[in-house]
Amino acid sequence: MGDCLKKYKRAISKTIVAIIVVIVIIVAIGGYYAFISSQHHVTPTTTTSSTMTSTTTSITVTSSLNTSNPQVLMKLVGLTSPPSTPVTITVWDSYSTSENQAFNETLAAFEKAFPWIHVEVTYGVGVGTSQFETAAEAGKAPIVYRDTSDAGGALFAAGLVLNLSEYLPQSIRSLYLPTAIDDWTLNGSLYGLPDDINYIVMFYNKRFVPYPPNTTNQLIQIAEYVNKTYHIWGIAYGASQEYGYRFAAWFAGFGGNIFTTVNGQVYPDLNTTAMVDALNFWYNLTYNLHINYLAPSTGAGGAEGQLFIANKAAIIFDGPWDLDAYLKALGPNLGAAPLPIVSQTGLRAAPFIGSTGFLIASPQASGATPMQIKAALIFILYVTSYQADLRLWNIAHDIPANVQAYNEAITELNEGKLQPSYLNSIMKGILEQAQYGQKFPNIPQMAYYWNSFHEYASEYFAGKISAKAAAQGMEQAFVQALEQNGLLSSLPVFPVIPLSQFLLITTAILSPLVVTLPKKRKW
């Protein structure tokens, strides 16, 4: 009986020790989870949402502000009369040739309306580049800069451009399409004013493709037919030369998202089956089926566009910003349609629905005086006004971001008033794509996606690595870049699970430590 009591006491002691160990481990892990949660703040991301903009219906105008009126604009920035001395502002312009035709007309009208503001324009500045950031860090940035909403978001997060919410009334937002103005808003702050809406579409040559493909299976069939019948490229798409802007549409079509959220922290999500499948799809069309030309340069001025213009490629993927070049070359043979549904998933390829617009550099970045800031505010309001946006629509066929200009464009389109007449069907195809897009992320993390994608996609299409290795590599590079720039914690990330599940899992793992008590015997 004495030996049994000793065993019983030892068993109780071991059980107590095991319970203490379990409690200590739970407290430790719980503390770690609390620390992780405190370190990982939520950053807004909307990459998974799709836009469902109507392409034939006007948008209700809720503001009566006329931002083409000099008196209205001066009042908005707190001026009752022009200053006694002229004011000069510097502007970096990223418009295309046809867009600049419209912009120059607007600029001439602006300087006539505001003779006390002199505008010095630098033409041909690229969007989404580091030029502005470099100039801003040296205190030599232009006062006004035109860029994309996503690049602008990164500049705003870095403190290089103004928070316009501190200078302009909330009612200004109602002057623009919700899709456009939301692209220029980060954490509730407005950092730029949009002048148009941008995304890619499928352009096709009706001489070879009478009707656009609705699925990727149809895309392949049509491209194969074109190759065999006309001995030209079915498609020209330089997937290896881009930085992931157009490829994001195909990634989404295969079920992918650029970001996910873990513990409230924005985290890259490129190392997925969707990325592998999207890469393999275009590799197959390029190297196995030989129906896609892996063009060494993109756009109307690159190899893709030049083949399309020369009737040597039947289908390309490009944006309305290059429409003018294709219209002049193909005329009534030009067609436009939304990107196709991916047959493998049933999801439509969804391009970024983004926007370009104007930002104002911070005084530290540009050296601007308070009066130059006021002049810059007047300028960006004027060049994104109804009349300015309508010029861009009429001359360059840009999709207006200004509500009033957009409504007039839709009215012209619905009534078939565009000239030449075949332009009506082309613009309807372009506007239809807006129903099947994804919001362009304007969070700071997005700035580090481009190079990460480009490096490994290029190696994959060069045959140096597998699709799986490319997906892994681009995500690792993305994560590393975010960590190095303070946008991602280097601590290991664990998924947050409900407490009840956590306790069950912990108990299952630690149960071997618990010693079963022997049954108490009757003596």
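Just above, that's the structure.
As the structure is a computational prediction, the values presented were derived from the model and not from experiment.

Thresholds applied
Residues numbered from 1 in each chain as written. Predicted model: local features only at pLDDT ≥ 70, side-chain atom pairs only at ≥ 80, totals over all residues. Heavy atoms only, no water. Helix = DSSP H or I, 4+ residues; strand = E, 2+ residues; numbered from the N terminus. Buried < 20%, exposed > 50% of the residue type's maximum accessible area, 1.4 Å probe, protein only. Contact = heavy atoms within 4.5 Å. Areas by Shrake-Rupley, 256 points an atom, 1.4 Å probe, with all protein chains shown as cover. Axes fitted to C-alpha atoms, helices over the stretch in contact; angles between N-to-C directions. Left-handed = near helix turned anticlockwise from the far one by under 90°. Nonpolar A, V, L, I, M, F, W, Y, C, P; charged D, E, K, R; others polar. Core = buried A, V, L, I, M, F, W, Y, C linked by side-chain atoms within 4.5 Å. Pairing = 2+ DSSP bridges. Right-handed = clockwise from strand over helix to strand, strands pointing away. Lys, Arg positive; Asp, Glu negative; His and termini not counted. Salt bridge = Lys/Arg side-chain N within 4 Å of Asp/Glu carboxyl O. Phe/Tyr/Trp six-rings, centres within 6.5 Å; stacked < 30°, edge-to-face > 60°.

Asker: When you look at the overall build of the chain in this model, what are you seeing that I'm missing?
Answerer: Looking only at helices and strands, the chain features 19 helices and 19 strands. Counting over 523 residues, the chain shows a buried share of 52%. Expressed as a percentage of contacts within the chain between residues at least 6 apart in sequence, the contacts between residues at least 24 apart total 77%. Just so you have it, the chain exposes about 23,100 Å², and 56% of that area is on carbon and sulfur atoms.

Asker: Even after reading the chapter, I still don't get the packing of helix H14 (residues 386-396) against helix H15 (residues 403-414), so can you show me in this structure?
Answerer: Packed helices, taken two at a time, are described by the angle their axes make and the gap between the axes. Orientation of H14 relative to H15, taken along the N-to-C sense of each, is 35 degrees, at an axis distance of 8 Å. In this structure, H14 crosses over H15, and the sense of that crossing is right-handed. Every residue of H15 that contacts H14 at Tyr386, Asp389, Leu390, Trp393 and Asn394 is listed here: Gln404, Ala405, Glu408, Ala409 and Glu412. Looking at the contact of H14 with H15 residue by residue, the class counts come to five nonpolar, two polar and three charged.

Asker: Is there a simple way to explain the nonpolar core in this structure?
Answerer: The nonpolar side chains of soluble globular proteins are, as a tendency, buried together. Residues Phe132, Ile258, Trp282, Phe317, Ile378 and Phe379 are the most contacted members of the largest nonpolar core, which totals 118 residues. The greatest single-element share of this core, amounting to nine residues, is contributed by helix H13 (residues 370-382). Core analysis: the second largest hydrophobic core is formed by 36 residues, Ala313, Ala336, Val403 and Ile426 among them.

Asker: Just to check I follow, could you spell out the sheet that holds strand E9 (residues 233-236) for this structure?
Answerer: Sheet strands pair by backbone hydrogen bonding; their relative direction is either parallel or antiparallel. As summarised here, the arrangement of the five strands in space is E12-E9-E13-E8-E14, forming an open sheet in which the pairing is mixed. Strands at the two margins of the open sheet, each flanked by one partner only, are strand E12 (292-293) and strand E14 (334-337). Pairing of strand E8 (residues 201-205) with E14, which is carried by four bridges, proceeds in the antiparallel orientation. Within E14, the residue paired with Asn205 across the bridge is Leu334. Strands in contact with helix H7 (residues 216-230) are E9 and strand E13 (313-318); relative to E9, the strand with the most contacts, it is inclined by about 125 degrees. Strand contacts of helix H11 (residues 323-330): E8, E13 and E14, with the helix running at about 140 degrees to E14, the strand carrying the most contacts.

Asker: Explain the pairing of strand E2 (residues 87-92) here, please?
Answerer: Regular strands show a simple pattern: their side chains alternate between the two faces of the sheet. Taken together, the six bridges between E2 and strand E3 (residues 117-122) define a ladder with parallel strand orientation. Residue pairing in the sheet places Val91 in a bridge with Val121 of E3. Between the parallel pair E2 and E3, the chain is carried across by helix H3 (residues 97-113), and the sense of this crossover is right-handed. Across two bridges, the pairing between E2 and strand E4 (residues 144-148) is parallel. Bridging across to E4, Trp92 finds its partner in Tyr145.

Asker: Could you clarify how one ought to interpret the side chain of Glu99 in this entry?
Answerer: Residue placement: Glu99 occurs in helix H3. Buried and unpaired, Glu99 has Arg146 as its nearest opposite-charge partner, separated by 4.3 Å. Other than its neighbours up to four places away in sequence, Glu99 contacts Arg146, Asp196, Trp321, Leu392, Ala396 and Asp398.

Asker: How do you make sense of the packing of aromatic side chains when you look at a structure like this?
Answerer: The geometry of two aromatic rings is summed up by the distance between their centres and the angle between their planes. According to the stated counting rule, one finds 41 aromatic pairs in the structure shown. Ring centres 5.4 Å apart and planes at 40 degrees place the aromatic pair Tyr95 and Phe103 in the tilted group. The buried category is assigned to Tyr95, whose relative accessible area is 7%. Residue classification places Phe103 among the buried positions, given a relative accessible area of 3%. Every member of this aromatic cluster is reached through a ring pair, and the members are Tyr245, Phe247, Phe259, Trp321, Phe352, Phe440, Tyr449, Trp450, Phe453 and Phe478.

Asker: Can you walk me through the environment of Phe254 in this structure?
Answerer: Within the secondary structure, Phe254 sits in the loop between helix H8 (247-253) and strand E10 (259-262). In contact with Phe254, not counting residues within four places along its chain, are Ala274, Asp277, Ala278, Phe281, Val342, Gln344 and Thr345.

Asker: Honestly, the pattern of salt bridges in this entry has me stumped. Any pointers?
Answerer: Side chains that differ in sign of charge can pair as their charged atoms come close. A full pass over the atoms with the stated rule returns eight salt bridges. Taken together, the shared-partner salt bridges connect Arg146, Asp195 and Asp196 into one network.

Asker: Just checking my understanding: could you explain unusual backbone geometry for this structure?
Answerer: A cis geometry characterises the amide bond from Gln419 onward to Pro420, with omega recorded as 0 degrees. Within the secondary structure, Pro420 sits in the loop between H15 and helix H16 (423-432). Backbone geometry at His231 places phi at a positive 60 degrees, although glycine is not the residue there. Relative to the assigned elements, His231 resides in the loop between H7 and E9. Overall, His231 belongs to the exposed group, its relative accessible area being 68%. We note that Asn263 has phi near 55 degrees; this positive angle belongs to a residue other than glycine. Counting through the fold element by element, Asn263 comes out in the loop between E10 and strand E11 (265-268). Judged by relative accessible area, which is 15%, Asn263 ranks as buried.

Asker: Would you mind showing me how to read H16 here?
Answerer: Because each turn of an α-helix spans 3.6 residues, side chains separated by three or four positions in sequence point in the same direction. Counting buried positions along H16 gives seven out of 10 residues, so the element sits mostly inside the fold. All of the buried residues along H16 are Leu423, Asn424, Ile426, Met427, Gly429, Ile430 and Leu431. Where H16 is buried, its residues contact E8, H11, E14, H14, strand E18 (399-400) and H15.

Asker: Sorry if this is basic, but what is going on with the packing of H3 against H14 here?
Answerer: With their axes 8 Å apart at the nearest point, H3 and H14 run at an angle of 150 degrees to one another. The chirality of how H3 crosses H14 is right-handed. Contact with H3, carried on its side by Ser98, Glu99, Gln101, Ala102, Glu105, Thr106 and Ala109, involves Ala388, Arg391, Leu392, Ile395 and Ala396 of H14 and no other residues of that element. Counted by class, the contact of H3 with H14 contains six nonpolar, three polar and three charged residues.

Asker: Explain the pairing of E10 here, please?
Answerer: The pairing of E10 with E11 spans four bridges and is classified as antiparallel. In the sheet register, Phe259 faces E11, and the bridge partner there is Pro268. Between E10 and E11, which pair antiparallel and follow one another directly, the connecting turn spans two residues, one of which, Asn263, has a positive phi of 55 degrees.

Asker: Sorry, what's going on with the environment of Pro296 here?
Answerer: With respect to the element layout, Pro296 can be found in the loop between E12 and helix H10 (303-309). For Pro296, the contacting residues outside a window of four places in its chain are Gln241 and Ala303.

These figures come from the coordinates and say nothing about function on their own.
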